[in-house]
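Fold and contact review
The primary structure of each chain is shown beneath.
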Amino acid sequence: MATVTTPAPETQQVTGTRPSSGKPSRRTGSPGWRIFRYAVLLASLLLVLIPVYVLFVTSFKGIGDASPSRTWFFPQTWTGQNWADAWEALSPALMRTFAMVIPAAVLSSLLGSMNGFVLSRWRFPHANLVFTLILFGMFIPYQAVMIPLVQLMIDINVPNGIPSLILLHVVYGIPICTLIFRNYYETVPMELIESARVDGAGMLRTYFSVVLPISIPSFVVVLLWQFTSAWNDFLFAVFFSTANNGPVTMALNNLANGAMLSNYGVSMAGALIASLPTLLVYILLGRYFVGGLMAGSVKG
Amino acid sequence: MTRVRSWLPGLLLISPSLLLLGVFVYGFIGLSFRESLTDKHTAAQATGRDPVGFVGFSNYTELLASPAFQHSLRNLVIFTVVFLLGTLVIGFCWAWVLERPIKGEGIFRSVYLFPMAVSFVASGVVWKWLLNSNVGEQASGLNRLFQMTGLGFLQNEWWTNPRYGILAIALPAIWQLSGYVMALFLAGFRGIPDELREAARVDGASEMQLYRHVVFPQLSPVALSALIIIGHMSLKSFDLIMSIANQSAYSTKVPAIDMYNFATVYDYANSAAVGVILLVIVALAVVPYLWYDARARKRG
């Protein structure tokens, strides 16, 4: 079964390592088929990398170098000026984004972990219905709650910018975090929790001393996932912040479509800078990152 | 009583989350709906200086009758169909080609998947440039590449075309999410037990028959999840359009952009109405799926 609500445990290992590779039962196919496979894979690789090539070379071009006739070539002289300019424009927003993403990811993960535990191992009547109602929160278009949100934020006086965004990312992150943790806890043997209960541990005791310590792998997945999706969010950012008090997506959009509209080199260096943290996460912790994606890449 | 004591603590533990989601998801959907039934079209009404009246469903009927909004809906349909087809076909082919062991698999997989780690705003920076509509001497981006490689007939006006401009936005969307669909399908392929294939081979099935009658049918749950995930992302598309074409471009307008545009001029009633329309569209796709999923869970 690989519906949205079930794939996390199995897929994590499936995409990370190949459990069945090397088994003799797998046929590798005829040579012709293999050449065809390589041709498809390599052609796709080049196509996928085209935008990356463009970002990279343009970010090192001086203004005069960026003429239409030279767009696909290397810079005539490589310059770091665009990177310096983009860094100057984006660094305050980068710091703000870290200040937003870290608490948002931690809080929503903790809530998700408690919910997941309860919904899989400490169930109450109609827990399944409640779970489905929580899941629906993952799919709703945030446009459908935006107007009352805008008014609420004014009414309760949460400062625009990072504080409101933390609140929103925590709240709307709960469904996906709950889903991932629930799927994980479903794989934890019931006996482990039962024995703690028999020993007289209450729910909180059980949660903190038995469940939490074995949740580390899931926490890694969920934290990375929340980090990435909050980092990349633009919809909430555009409603609840400005380029001057918002996260890096806002600052980048302002850089690319505002002041620097005609200077592609700076915007492209900016795009690379704004993507570095999530790319690093992806490169260093790709396995877990994929786990998060599989469990439901459904915020956006 | 003892039964209540056994589940009550669990319910208490998740009650903060339930409360938050109850308010921020279901409560606010209700508030949005109420807002959409009013005549709150001006800043004075939004700030409470002018009275607000109840107008029933007239905002909806007027929106749905207006050619501008019909254009948005039409764009949404075109975009969703192409985005879905593109990611599903490409993602499936990549997974199929990668399914059996091949050298360099890890590299291909990682590269195909990496665009997913980047925000739409950042990728929008480079795609805006790649999809530059200039032709001839001024051609840059893909138009320039076509010119240089003798594919000049492919040059076109991309997202600025009023009828099919939205198709140009589907290109980066497909670029960004095909790898994700690949990961889903790859997990699906590898979740199929080897015994099943062996059994079919023993029964004398050819490789083609094996795929047609054994492997592909097993992948339908994966295809369904991919359809739902990509489909609901597509219906909510906002970031990419904002960063490539920005909100004022008529050619690439979709409901999510309308919602934002109404909100920026304090036309909260219409803004909320568009949000509710989007919610209904998404719910039509997602609710049957969640229902099906909940039933599958019940059956275990």
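Residues numbered from 1 in each chain as written. Chains lettered and ligands numbered in written order. Predicted model: local features only at pLDDT ≥ 70, side-chain atom pairs only at ≥ 80, totals over all residues. Heavy atoms only, no water.

Looking at the overall build of chain A
Definition in use: Numbering of helices and strands runs from the N terminus; a helix is a DSSP stretch of H or I covering at least four residues, while a strand is a stretch of E covering at least two. Type-normalised accessible area, obtained with a 1.4 Å probe on protein chains alone, sets the label of each residue: buried when under 20%, exposed when over 50%, and partly exposed for intermediate values. It only takes one pair of heavy atoms within 4.5 Å for two residues to be counted as in contact. All accessible-area figures derive from a Shrake-Rupley calculation using a 1.4 Å probe, and residue coverage is judged against the displayed protein chains alone.
Of the regular secondary structure elements, chain A holds 13 helices and zero strands. Reading chain A from its N terminus to its C terminus gives the helix and strand order α-α-α-α-α-α-α-α-α-α-α-α-α. Expressed as a percentage of its 300 residues, the buried residues of chain A come to 57%. In chain A, of all internal contacts separated by at least 6 residues, the share reaching a separation of at least 24 is 75%. Here chain A displays about 11700 Å² of accessible surface, and carbon together with sulfur accounts for 69% of that area.

Brief notes about the UniProt feature "transmembrane region" (unreviewed entry) in chain A
All names here are of chain A. Heads up, the rule is: UniProt positions are given in the numbering used here, feature names are shortened, and annotations may be inferred rather than shown by experiment.
With numbering aligned to this structure, UniProt lists the feature "transmembrane region" (unreviewed entry) at residues 35-56, 97-118, 130-154, 166-185, 206-228, 234-252 and 264-285. With 100% helix and 0% strand, residues 97-118 has end C-alpha atoms that lie 32 Å from one another. Between the end C-alpha atoms of residues 234-252 there is a gap of 10 Å, over a span that is 58% helix and 0% strand.

Quick look at the interface of chain A and chain B
One frequently used descriptor of interface size is the decrease in accessible area upon assembly of the parts. Selection criterion: What gets called buried area is simply the loss in accessible area from a 1.4 Å probe that two parts show on being joined, summed for both. Here, a salt bridge means any side-chain nitrogen of Lys or Arg that lies within 4 Å of a carboxyl oxygen of Asp or Glu. Whenever two N or O atoms come within 3.5 Å, that pair is a polar contact, provided that in protein one can donate a hydrogen and the other can accept it, and provided that, for residues adjacent in sequence, both atoms are side-chain atoms. Polar here means any residue outside two lists: the nonpolar Ala, Val, Leu, Ile, Met, Phe, Trp, Tyr, Cys and Pro, and the charged Asp, Glu, Lys and Arg; Gly therefore counts as polar.
Across the boundary between the two partners, chain A contributes 107 residues, which contact 105 residues of chain B. Summed over both partners, the interface of chain A with chain B comes to about 9900 Å²; 71% of that surface belongs to carbon and sulfur atoms. Joining chain A to chain B, the criterion identifies zero salt bridges. Where chain A meets chain B, there are 20 residue pairs in polar contact (both at pLDDT 80 or more). Take the side of chain A that touches chain B: its biggest share by element is 15 residues, from helix α2 (residues 31-59) of chain A. For the side of chain A that touches chain B, the residue count by class is 71 nonpolar, 28 polar and eight charged.

Remarks on the environment of M208 of chain B
Inspection of the secondary structure puts M208 of chain B in helix α10 (residues 207-218). With 41 residues separating them along the chain, M208 of chain B and L167 of chain B place their C-alpha atoms 34 Å apart.

Examining unusual backbone geometry
Despite not being glycine, H126 of chain A shows a phi value in the positive range, around 65°. You can see H126 of chain A is positioned in the loop between α3 (81-121) and α4 (127-139). One non-glycine residue, W158 of chain B, adopts positive backbone phi at about 50°. With respect to the helices and strands, W158 of chain B occurs in the loop between α7 (141-148) and α8 (165-190). Take W158 of chain B: its relative accessible area is 11%, and that puts it in the buried class.

Observations concerning the UniProt feature "domain: ABC transmembrane type-1" (unreviewed entry) in chain B
When the UniProt feature table is mapped onto this chain, "domain: ABC transmembrane type-1" (unreviewed entry) is found at residues 73-289 of chain B. In the segment residues 73-289 of chain B, helix accounts for 71% and strand for 0%; the C-alpha atoms at its two ends are 23 Å apart.

Let's talk about the UniProt feature "transmembrane region" (unreviewed entry) in chain B
Residues and elements named next belong to chain B. In this numbering, the UniProt entry assigns the feature "transmembrane region" (unreviewed entry) to residues 7-29, 76-98, 110-130, 164-189, 210-233 and 268-292. With 100% helix and 0% strand, residues 7-29 has end C-alpha atoms that lie 30 Å from one another. What you have in residues 164-189 is 96% helix and 0% strand, and the ends, taken at the C-alpha atoms, are 35 Å apart.

Focus on the packing of α4 of chain A against helix α14 (residues 268-299) of chain B
Rule in force here: Here an angle of 0 to 180 degrees is reported between the N-to-C directions of two axes, which are lines fitted to C-alpha atoms, with helices fitted over the stretch in contact. Less than a right angle of anticlockwise turn of the near helix away from the far helix marks a crossing as left-handed, whereas a clockwise turn marks it as right-handed.
Relative to each other, α4 of chain A and α14 of chain B sit at 145°, their axes nearing to 10 Å. Helix-helix and strand crossings are classified by hand; for α4 of chain A and α14 of chain B the assignment is right-handed. Contacts from N128, F131, T132, L135, F136 and F139 of chain A in α4 of chain A reach L279, V282, A283, V286, V287, L290, A294, R297 and K298 of chain B in α14 of chain B. Residue classes in the contact of α4 of chain A with α14 of chain B are distributed as eleven nonpolar, two polar and two charged.

Considering the side chain of R121 of chain A
Residue and element names in this part refer to chain A. Heads up, the condition is: A positive count includes Lys and Arg, and a negative count includes Asp and Glu. His and the chain ends are not counted in either.
By the element assignment, R121 lies in helix α3. No salt bridge is formed by the buried R121; its nearest oppositely charged neighbour, E186, is found at 4.4 Å. Those residues in contact with R121 that lie beyond four places of it in its chain are Y185, E186, T187, V188, M190, I193 and R197.

Thoughts on the nonpolar core
To keep things clear, this is the line we draw: Working definition of a nonpolar core: buried Ala, Val, Leu, Ile, Met, Phe, Trp, Tyr and Cys residues. They are joined through side-chain atoms within 4.5 Å. Domain boundaries shown here were taken from an automatic or database domain assignment.
By size, the foremost hydrophobic cluster in this structure holds 192 residues, and its most contacted members are F117, L149, Y172, F239 and F240 of chain A. Looking at which element gives the most residues to this core, the answer is α8 of chain B, with 16 residues. Both domains that meet at this core, namely domain 1 (31-70) and domain 2 (81-295) of chain A, each give it at least three residues. Those residues in contact with F239 of chain A that sit more than four places away from it in its chain are M146 and V150 of chain A together with M259, Y260 and A263 of chain B.

Some thoughts on the pattern of salt bridges
A complete count under the given rule lists nine salt bridges over all chains for this structure. For R182 of chain A, the salt bridge goes to E186 of chain A, with nearest N and O atoms at 3.9 Å. With R182 of chain A and E186 of chain A both in helix α6 (residues 162-186), this residue pair falls four residues apart, about one helical turn. Residue classification places E186 of chain A among the partly exposed positions, given a relative accessible area of 36%. Between E35 of chain B and K40 of chain B there is a salt bridge whose closest N-O contact spans 3.0 Å.

Remarks on the packing of helix α5 (residues 143-155) of chain A against α14 of chain B
For any two helices packed against each other, the geometry is given by the interaxial angle and the distance between the axes. The contact between α5 of chain A and α14 of chain B brings their axes to 6 Å, and the two run at 145°. When α5 of chain A is examined against α14 of chain B, the residues Q143, A144, I147, V150 and Q151 of chain A are found in contact with a partner set consisting of Y268, S271, A272, G275, L278 and L279 of chain B. Looking at the contact of α5 of chain A with α14 of chain B residue by residue, the classes come out as seven nonpolar, four polar and no charged.

A few points about the packing of aromatic side chains
For any two aromatic rings, the description comes down to two numbers: the centre-to-centre distance and the angle of the planes. This is how the line gets drawn: Here the aromatic set is Phe, Tyr and Trp, taking the six-membered ring for Trp, and pairing holds for ring centres within 6.5 Å; pairs whose planes are under 30 degrees apart are stacked, those over 60 apart are edge-to-face, and all others are tilted. As a reminder, the over-ring test applies to NZ of lysine and CZ of arginine, requiring each to be within 6 Å of the ring centre and within 35 degrees of the ring normal.
Taken as a whole and judged by the stated rule, the model has 47 aromatic pairs over all chains. A centroid spacing of 5.4 Å and a plane angle of 50° characterise the contact between F60 of chain A and W78 of chain A, whose relative ring orientation is tilted. Taken together, the residues span a long stretch of sequence, with F60 of chain A in the loop between α2 and α3 and W78 of chain A in the loop between α2 and α3 at a distance of 18 residues. Taken together, the ring pairs in this structure connect Y142, Y172, F234, F236, F239 and F240 of chain A together with F24, F28, F238 and Y260 of chain B into an aromatic cluster. The aromatic ring of F131 of chain A is capped on one face by R182 of chain A, whose charged end is 4.3 Å from the ring centroid. The ring of Y164 of chain B carries R74 of chain B above its face, with NZ or CZ at 5.5 Å from the centroid.

With respect to the confidence of the model for chain A
All names here are of chain A. As a reminder of what qualifies: Each residue gets a pLDDT score, which is the predictor's confidence in that residue and runs from 0 to 100.
When pLDDT is averaged along chain A, the result is 84; 86% of the residues meet or exceed 70. Within chain A, the lowest mean pLDDT, 39, falls on helix α1 (residues 8-16), and the highest, 96, falls on helix α10 (residues 235-240). When the criterion is pLDDT under 50, residues 1-26 qualifies, and its contacts beyond four places in sequence or with other chains add up to 58 contacts.

Thoughts on the domain arrangement of chain A
Residue and element names in this part refer to chain A. Looking at the assigned domains, one finds that chain A contains domain 1 (31-70) and domain 2 (81-295). The C-alpha centroid of domain 2 is placed 32 Å from the C-alpha centroid of domain 1. Contacts between the two partners involve eight residues from domain 1 and, on the opposite side, nine residues from domain 2. When domain 1 packs against domain 2, the two sides together hide about 650 Å² of surface, and 72% of this comes from carbon and sulfur. It is L55, T58 and S59 in domain 1 that bury the most area against domain 2; as a group they hold 63% of the surface buried on that side. Inspection of the domain 1/domain 2 interface yields zero salt bridges. Put simply, domain 1 and domain 2 have three residue pairs in polar contact (both at pLDDT 80 or more) between them. In terms of residue class, the side of domain 1 that touches domain 2 is built from five nonpolar, two polar and one charged.

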